[in-house]
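Chain and residue survey
Listed here are the chains, written in short residue letters.
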Amino acid sequence: MLSATLIVMTLGQTVLVVAVLLLAAVALLSVRIILKKNGRFRSMHISDSAAMRERGIGCVQSQDRQQRRSNTAKINVKEM
């Protein structure tokens, strides 16, 4: 059973706690960027990952672009 000492937070207190937690999370995520000279987030693009390149896995958009360029059966709309 819940005891009578249960802490009841008001809406304002809840918003304040959430704001502080979000601020702390953003601050911790940006430590590397702030402290490192020319700091940046790591690229999240799949083709920038060495492990994925070793496995032969690439970006779907890049693979699609390459296939479209090499398509000999494509229709040239400009010539119609």
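Residues numbered from 1 in each chain as written. Predicted model: local features only at pLDDT ≥ 70, side-chain atom pairs only at ≥ 80, totals over all residues. Heavy atoms only, no water.

For the protein chain, the count of helices and strands is four helices and zero strands. Starting at the N terminus and ending at the C terminus, the protein chain contains elements arranged as α-α-α-α. Looking at the protein chain residue by residue over its 80 residues, the buried ones come to 4%. Total accessible area on the protein chain is roughly 8100 Å²; 63% of this is exposed by carbon and sulfur atoms. (Helix = DSSP H or I, 4+ residues; strand = E, 2+ residues; numbered from the N terminus. Buried < 20%, exposed > 50% of the residue type's maximum accessible area, 1.4 Å probe, protein only. Areas by Shrake-Rupley, 256 points an atom, 1.4 Å probe, with all protein chains shown as cover.)

Together, Leu28, Val31, Ile34 and Leu35 make up an exposed nonpolar region whose accessible area comes to about 460 Å². By relative accessible area, Ile34 is classed as exposed at 64%. (Patch = residues over 30% accessible without salt bridge, like charges linked within 9 Å, V, L, I, M, F, W, Y side chains within 5 Å. Salt bridge = Lys/Arg side-chain N within 4 Å of Asp/Glu carboxyl O.)

The next thing to look at is the confidence of the model for the protein chain. For any part of a model where pLDDT is low, the fine detail of the predicted coordinates should not be relied upon. Considering every residue of the protein chain, the mean pLDDT works out to 79; 86% of them sit at 70 or more. Mean pLDDT across the elements of the protein chain bottoms out in helix H2 (residues 31-35) (80) and peaks in helix H1 (residues 11-29) (90). (pLDDT = per-residue confidence, 0-100.)

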